[in-house]
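# A structural walkthrough
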Amino acid sequence: MPQPLPRIAVLASGRGSNLQAVLDAIAAGTLAGDVVGVFSDKPGAAALQRVAPALRWSAAAKGYPSREAFDADLADAVAAVRPDWVLCAGYLRILGDAFVERFRGRTINIHPSLLPKYRGLHTHARAIESGDGEHGASVHFVIPELDAGAVIAQAVVPVNAGDTPELLAERVLGVEHPLLLAVMRLAVSGRLAEHGATVQVDGHPLFTPLRLDFAGRLSDPASGVAA
């Protein structure tokens, strides 16, 4: 009997380009998973249109009496699809502690900076203003503190003279998709885990984030060993 595919729930607030990258990789046979639901705090989010109506859940958070009430409904909806992994792919609302703890160790987020630099918003402008020579994207485990979970992997791009936040954002987006897919392959193959504040790959602690190379592969900068 073939083993069931790992189940992926996706949280998204916007257009869903990272979600589409995941869907395309699954369709191409390069990611062994199944997107079992897409969840949004924006009922008009374009991301929802990328999957069949039966896989969509959305609600306007402002219609709830409290953040906790919205998160409780969201968590129940996510739990109902029995996900192995919860992927925050452009989900712009902060997840409450109760949601995070319910799915702790299997919720990951992609963030457009080289964490721990520039948690939160406006990361590209902040990198330029700080005079950074490099910028990029990180995939990390989600914990209650914003963008503070253990970083699994990163992709680096240069900050060029004359860059605007828009130009830099476009360059970062070019590495976000391959970075996310490389991490998701580790996750769905059972090679990735969170242990306290540490990432484990194949049961071994990772002391520095994996780094994406030009071929879209992950390696450990500390050892040079490919993941």
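Conventions and cut-offs
- Position labels on residues start from 1 in each chain and follow its written sequence.
- Thresholds applied to this predicted model are a pLDDT of at least 70 for local features of residues and 80 or more for the giving and counting of side-chain atom pairs; totals over whole chains, interfaces and linings are not thresholded and use all residues.
- As a rule here, side-chain values come from all non-hydrogen atoms in the structure, and water together with hydrogens is ignored.
- UniProt positions are given in the numbering used here, feature names are shortened, and annotations may be inferred rather than shown by experiment.
- We count a stretch as a helix when DSSP gives it H or I for four or more residues in a row; a strand needs E for two or more, and each element gets its number in order from the N terminus.
- Exposure is judged per residue with a 1.4 Å probe applied to protein chains only, and the accessible area is read against the type maximum: over 50% gives exposed, under 20% gives buried, and values in between give partly exposed.
- Pairs of residues are marked as contacts when any of their non-hydrogen atoms sit within 4.5 Å.
- Aromatic rings from Phe, Tyr and Trp, with only the six-membered ring used for Trp, were paired whenever their centres fell within 6.5 Å, and each pair was classed as stacked if the ring planes differed by under 30 degrees, edge-to-face if by over 60, and tilted otherwise.
- Paired strands, as defined in this entry, are two strands with at least two bridges between them according to DSSP.
- Here, axes are lines fitted to C-alpha atoms. For helices the fit covers the stretch in contact, and angles between N-to-C directions go from 0 to 180 degrees.
- For a crossover, the right-handed case is the one in which the path from the first strand over the helix to the second runs clockwise, viewed with the strands pointing away from the viewer.

In the nomenclature of an unreviewed UniProt entry, the protein chain is known as Phosphoribosylglycinamide formyltransferase of Lysobacter enzymogenes. Listed under Function (unreviewed entry) in UniProt, the entry text for the protein chain is "Catalyzes the transfer of a formyl group from 10-formyltetrahydrofolate to 5-phospho-ribosyl-glycinamide (GAR), producing 5-phospho-ribosyl-N-formylglycinamide (FGAR) and tetrahydrofolate." Taken verbatim from the UniProt record of the protein chain, the Catalytic activity (unreviewed entry) comment is "N(1)-(5-phospho-beta-D-ribosyl)glycinamide + (6R)-10-formyltetrahydrofolate = N(2)-formyl-N(1)-(5-phospho-beta-D-ribosyl)glycinamide + (6S)-5,6,7,8-tetrahydrofolate + H(+)".

The next thing to look at is the UniProt feature "domain: Formyl transferase N-terminal" (unreviewed entry) in the protein chain. When the UniProt feature table is mapped onto this chain numbering, "domain: Formyl transferase N-terminal" (unreviewed entry) sits at residues 7-183. As annotated, residues 7-183 has a helix share of 33% and a strand share of 23%, and its two end C-alpha atoms lie 15 Å apart.

Take the side chain of S113 next. Tracing the backbone through its elements, the reader meets S113 in the loop between β5 (107-111) and α4 (123-129). The exposure class of S113 is buried, given its relative accessible area of 0%. Apart from residues lying up to four places away in sequence, S113 is in contact with Y118, T123, H135, G136, A137 and S138.

A few words on the packing of aromatic side chains. Summed over all chains, the structure comprises 5 aromatic pairs. On the basis of an interplanar angle of 50 degrees and a centroid distance of 6.1 Å, the ring pair of W57 and F70 is categorised as tilted. In this pair, W57 sits in strand β3 (residues 56-58) while F70 sits in helix α2 (residues 67-80), placing the two residues 13 residues apart along the sequence. Residue F70 is classed as buried on the basis of its relative accessible area of 0%. Judged by centre distance (5.3 Å) and plane angle (90 degrees), the ring pair of Y64 and F70 falls under edge-to-face. Taken together, the ring pairs connect F39, W57, Y64 and F70 into an aromatic cluster.

Here we take up the sheet that holds strand β8 (residues 192-195). If you trace the 3 strands from one edge of the open sheet to the other, you get β8-β9-β10, paired in antiparallel fashion. Lying at the two open borders of the sheet, with one neighbouring strand each, are β8 and β10 (204-206). Neighbour-to-neighbour, the strand axes of the sheet open up by a mean angle of 40 degrees, direction not taken into account. Both strand β9 (residues 198-201) and β10 contribute to a ladder of 3 bridges, which runs antiparallel. Each residue of the ladder has a partner; that of Q200, found in β10, is P205.

With that settled, the discussion passes to the sheet that holds strand β6 (residues 134-141). Spatially, 9 strands are ordered β3-β2-β1-β4-β5-β6-β7-β11-β12 in an open sheet, and the strand pairing comes out mixed. Strands with a single pairing partner mark the edges of an open sheet, and in this sheet they are β3 and β12 (218-219). Relative to β6, β5 runs antiparallel, the two sharing 4 bridges. Along β6, the bridge assignment pairs H111 with S138. Its contacts with the sheet put helix α1 (residues 17-28) on β1 (7-11), β2 (34-40), β4 (85-88) and β5, and the angle it makes with β2 is roughly 165 degrees. Packing of helix α5 (residues 165-188) onto the sheet brings it into contact with β1, β4, β5, β6, β7 (151-158), β11 (210-212) and β12, and relative to β7 it is tilted by some 155 degrees.

What follows concerns the pairing of β5. Among the 5 residues that make up β5, 5 are buried, leaving the element largely enclosed by the rest of the structure. Taking every second residue as pointing to the same face, both faces of β5 are buried, with T107, N109 and H111 on one and I108 and I110 on the other. Where β4 lies against β5, 3 bridges are found, and the strand directions are parallel. Paired with V86 across the bridge in β5 is T107. Crossover β4 to β5 through helix α3 (residues 97-102) is right-handed.

The subject of this paragraph is the pairing of β1. Looking along a regular strand, one sees the side chains alternate between the two faces of the sheet. Of all 5 residues in β1, 4 are buried; the element is thus mostly enclosed. With 5 bridges joining them, β1 and β2 adopt parallel strand pairing. Along β2, the bridge assignment pairs I8 with V35.

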